[in-house]
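Examination of the molecular architecture
Here is how the chains run, residue by residue.
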Amino acid sequence: GDSVTQMEGPVTLSEEAFLTINCTYTATGYPSLFWYVQYPGEGLQLLLKATKADDKGSNKGFEATYRKETTSFHLEKGSVQVSDSAVYFCALTPNSGGSNYKLTFGKGTLLTVNP
Amino acid sequence: EPEVTQTPSHQVTQMGQEVILRCVPISNHLYFYWYRQILGQKVEFLVSFYNNEISEKSEIFDDQFSVERPDGSNFTLKIRSTKLEDSAMYFCASSEYRGTGGRGEKLFFGSGTQLSVL
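In this text the structure is predicted, and so the values were computed from the model without any measurement.

Scoring rules and cut-offs
Residues numbered from 1 in each chain as written. Chains lettered and ligands numbered in written order. Predicted model: local features only at pLDDT ≥ 70, side-chain atom pairs only at ≥ 80, totals over all residues. Heavy atoms only, no water. Pairing = 2+ DSSP bridges. Helix = DSSP H or I, 4+ residues; strand = E, 2+ residues; numbered from the N terminus. Axes fitted to C-alpha atoms, helices over the stretch in contact; angles between N-to-C directions. Contact = heavy atoms within 4.5 Å. Disulfide = S-S within 2.5 Å. Buried < 20%, exposed > 50% of the residue type's maximum accessible area, 1.4 Å probe, protein only. pLDDT = per-residue confidence, 0-100. Salt bridge = Lys/Arg side-chain N within 4 Å of Asp/Glu carboxyl O.

Some points on the sheet that holds strand β8 (residues 75-79) of chain B
Residues and elements named next belong to chain B. Within the open sheet, the 4 strands sit side by side as β1-β3-β8-β7. Their pairing is antiparallel. What marks the edges here is a single partner per strand, and that holds for β1 (5-7) and β7 (65-68). Averaged over all neighbouring strand pairs, the angle between strand axes comes to 20°, with direction disregarded. In the sheet, strand β3 (residues 19-24) pairs with β8 via 5 bridges, with the strands oriented antiparallel. In the sheet register, Ile20 faces β8, and the bridge partner there is Lys78.

Quick look at the structure:
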């Protein structure tokens, strides 16, 4: 079945450091790929998405590129802020078969950014 | 931005007891979901619900689980006889459209209910 593997945390960075959180996936066909973020005390929020190969999703300074050849969707940000401290989840849904609401998540990566 | 609301934020129960986790989805949404995350493990899909019936459920969602939309605003998850292994964070989600595919629709998640079974 489909699966998502993401970098184990926790990750601790200083403000303005460069962030990479690795994510690789296993899926049949051409899934849609997502990054969700959960800030303390809040729900999971969609951060960015990409629905086909070579698409780049971006939001709030975060980027991720859908790489079919390496089955990866790594999350990057050039300069993190304290307010980026949260848990980040990589996820996918199938693009066919009618179950494209069923997200398959990774375990989540806790990011802490220190001032 | 509209929110999905879950109550309570933390529920403690004794093994074998029934629990009901409550969710208020976004008002114009038609599709509803429950996911859960056992500590240290992945967020897992449990069930999807549309038009007052289950549209899909995972193998986790056995006869001990049920869902209901009792009054047109709430969406509940009931666990009839809780087990220790049911301890997890339970997330409710809703969406206006079916799915998260290329049309740009998305799932809105609540902040979760942490269920602790003792």
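Comments concerning the side chain of Thr13(B)
Take Thr13(B): it is sitting in strand β2 (residues 10-13). Beyond its immediate chain neighbours, meaning those up to four positions away, Thr13(B) contacts Val19(B), Thr82(B), Leu115(B), Ser116(B), Val117(B) and Leu118(B).

Section: the state of the cysteines
For the coordinates displayed, the defined rule picks out 2 disulfides over all chains. Across a sulfur-sulfur distance of 1.9 Å, Cys23(A) and Cys90(A) are joined as a disulfide pair. When the S-S torsion is -70°, as for the bridge of Cys23(A) with Cys90(A), the disulfide is left-handed. Within this pair, whereas Cys23(A) is found in strand β4 (residues 23-26), its partner Cys90(A) is found in strand β10 (residues 86-93), the two being separated by 67 residues in sequence. Across the disulfide from Cys23(B) sits Cys92(B); the S-S distance is 2.0 Å. Here Cys23(B) and Cys92(B) share a disulfide; its torsion about the S-S bond, -65°, makes the bridge left-handed. Placement of Cys23(B) in strand β3 and of Cys92(B) in strand β9 (residues 88-95) is noted, with a sequence separation of 69 residues between them. Relative accessible area serves as the criterion here: at 0%, Cys92(B) is assigned to the buried category.

Section: the confidence of the model for chain B
Fine structural detail should not be taken from predicted coordinates in areas where pLDDT scores are low. Here chain B averages 90 in pLDDT, and 93% of its residues register 70 or above. Within chain B, β8(B) carries the highest mean pLDDT (97), whereas strand β10 (residues 108-109) of chain B carries the lowest (88).

Some remarks on the sheet that holds strand β7 (residues 56-59) of chain A
Residue and element names in this part refer to chain A. Read from one edge of the open sheet, 4 strands run β3-β9-β8-β7, paired in antiparallel fashion. Every interior strand has two partners, whereas the edge strands, β3 (19-21) and β7, have only one. With direction set aside, neighbouring strand axes in the sheet form an average angle of 15°. The sheet contact formed by β7 and strand β8 (residues 62-65) spans 4 bridges and is antiparallel. Looking across to β8, one finds that Lys56 is bridged to Thr65.

As for the pairing of strand β6 (residues 44-50) of chain A
Residues and elements named next belong to chain A. Where strand β5 (residues 32-38) lies against β6, 6 bridges are found, and the strand directions are antiparallel. Looking at the pairing, Leu33 lines up with Ala50 of β6. Linking two consecutive strands that pair antiparallel, namely β5 and β6, is a turn of 5 residues; a positive phi of about 75° is found at Gly41 within it.

Observations regarding the pattern of salt bridges
Residue and element names in this part refer to chain A. One pass over the full model with this rule turns up 4 salt bridges over all chains. Asp55 is the partner of Lys52 in a salt bridge, and the nearest nitrogen-oxygen pair spans 3.4 Å. Looking at Lys52, the relative accessible area reads 51%, which means it is exposed. The salt bridge involving Lys56 is made with Glu63; its shortest N-O contact spans 3.6 Å.

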